[in-house]
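# Structural overview
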Amino acid sequence: MVNIVVFDRGLQSRKTYDKFTQDCKLFVTRANPNIKYKCVKEKEVCPMPQDSSVCIVSDTTVYLYGKNNEQTQYEYRIIRGIVNTSGEEIVFVSNLLEEDAYFIAQLYKQRWDIEVFFKFIKQHLNASHLVSRNENGIRVMIYMTMILATLIIVYKKKNNMKGFKIAKLKFGIELNNEIIKSIVILCGGDPKYAKHIFGSG
């Protein structure tokens, strides 16, 4: 299985691109439209797939230039496209020299879908703060949040709800009621027999 790193415009260092390529790390990123480069060759653009949200207009193999006009050690792809819904120009840079341009655009789109998901869990599930600082604790928090997000999304769809706020509220109430019902059944209706359930002796 090939791992491909996909990141946004926060990382623009040409030396880092070269380091990734030297270390055989494949990547796709977004670039500014006025990116400086030296053209090596123009690649033929394939017909646009029906499910693509971007229309590719050019695909060029290049050497990039950094801040001090230093040329990159390796060749890269600059892929220019137009977003179908907005007409905005979008530019991708990648060291995937042989892959189809629309495949590279799709990889970046998948990254954006992940961003949208994390925005959802931050806004609706209060996952904006880490409750643990070690790797295992962070993993547990992310996994539990993703499980909860999946449950709420399924609950929302099954009940034909439009907004996530109402779905989250109703899901929480129903879950709380089910937990109370289970505790009542386990302790036979007498709270004093529920101590063992909570590990209090």
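This write-up is about the structure you can find in this document.

How each quantity is defined
Residues numbered from 1 in each chain as written. Predicted model: local features only at pLDDT ≥ 70, side-chain atom pairs only at ≥ 80, totals over all residues. Heavy atoms only, no water. Pairing = 2+ DSSP bridges. Helix = DSSP H or I, 4+ residues; strand = E, 2+ residues; numbered from the N terminus. Axes fitted to C-alpha atoms, helices over the stretch in contact; angles between N-to-C directions. Contact = heavy atoms within 4.5 Å. Parallel < 35°, antiparallel > 145°, perpendicular 65-115°, else oblique. Nonpolar A, V, L, I, M, F, W, Y, C, P; charged D, E, K, R; others polar. 1 Å grid on protein atoms, 1.4 Å probe; cavity = no way out; pocket = protein on both sides within 12 Å on 5 of 7 lines; lining within 4 Å. Points joined across faces, edges and corners; volume = space filled by probe spheres on them. Expected span 1.5 Å × (residues − 1). Buried < 20%, exposed > 50% of the residue type's maximum accessible area, 1.4 Å probe, protein only. Polar contact = N/O pair within 3.5 Å; in protein donor to acceptor, adjacent residues only side chain to side chain.

The mixed open sheet is built from 6 strands, whose spatial order is 1-2-6-5-4-3. Looking at strand neighbours, the two that pair on one side only are strand 1 (4-7) and strand 3 (37-42), the edges of this open sheet. Strand-to-strand, the axes of this sheet are offset by a mean angle of 30°, without reference to chain direction. Lying over the sheet, helix 1 (residues 14-22) contacts strand 1, strand 2 (26-31), strand 4 (54-64), strand 5 (76-83) and strand 6 (89-94), oriented at roughly 160° with respect to strand 2. Seen against the sheet, helix 2 (residues 101-125) touches strand 1, strand 2, strand 4, strand 5 and strand 6 and runs at an angle of roughly 65° to strand 1.

A word on the packing of helix 3 (residues 135-158) against helix 4 (residues 164-186). Interaxial distance between helix 3 and helix 4 falls to 9 Å at its minimum, and their mutual angle equals 105°. In this view, helix 3 runs roughly perpendicular relative to helix 4, as classed from their interaxial angle. Between helix 3, through Leu-148, Leu-151, Ile-152, Ile-153, Tyr-155 and Lys-156, and helix 4, the contact on the second element is made entirely by Phe-164, Ala-167, Lys-168, Lys-170, Phe-171 and Glu-174. Per-class residue counts for the contact of helix 3 with helix 4 are 8 nonpolar, no polar and 4 charged.

A few words now on the layout of surface pockets. Empty space within the largest pocket amounts to approximately 490 Å³. In terms of lining residues, the largest pocket is bounded by 19 residues, among which Gln-12, Arg-14, Tyr-65, Gly-66 and Lys-67 are the most central. Per-element accounting of the lining of the largest pocket gives the leading share, 3 residues, to helix 1. Reported here for the second largest pocket is a volume of approximately 380 Å³. Ser-53, Val-54, Ile-90, Tyr-108 and Lys-109 are, among the 19 residues lining the second largest pocket, the residues nearest its centre. Of all the secondary structure elements, the ones that give two or more residues to the lining of the second largest pocket are strand 6 and helix 2. Residues that form the lining of the second largest pocket fall into these classes: 9 nonpolar, 4 polar and 6 charged.

Within an α-helix, residues lying three or four positions from one another point in the same direction, as the helix has 3.6 residues per turn. Over its 24 residues, helix 3 runs 35 Å from end to end, which matches the ideal 34 Å to within 8%, given 1.5 Å per residue. Where helix 3 is concerned, the buried positions are Gly-137, Met-141, Thr-145, Ala-149, Ile-152, Tyr-155 and Lys-156. For helix 3, the elements touching its buried residues are helix 2 and helix 4. Where helix 3 begins, one side-chain oxygen reaches toward the backbone nitrogen of Asn-136, 3.2 Å away; that side chain belongs to Asn-134.

With that settled, the discussion passes to unusual backbone geometry. Here Cys-24, not a glycine, exhibits a phi torsion of approximately 60°, which is positive. Structurally, Cys-24 is set in the loop between helix 1 and strand 2. Even without a glycine there, the phi angle at Asn-160 is positive, about 50°.

From the geometry alone we can't say anything about function, so treat these as descriptive.
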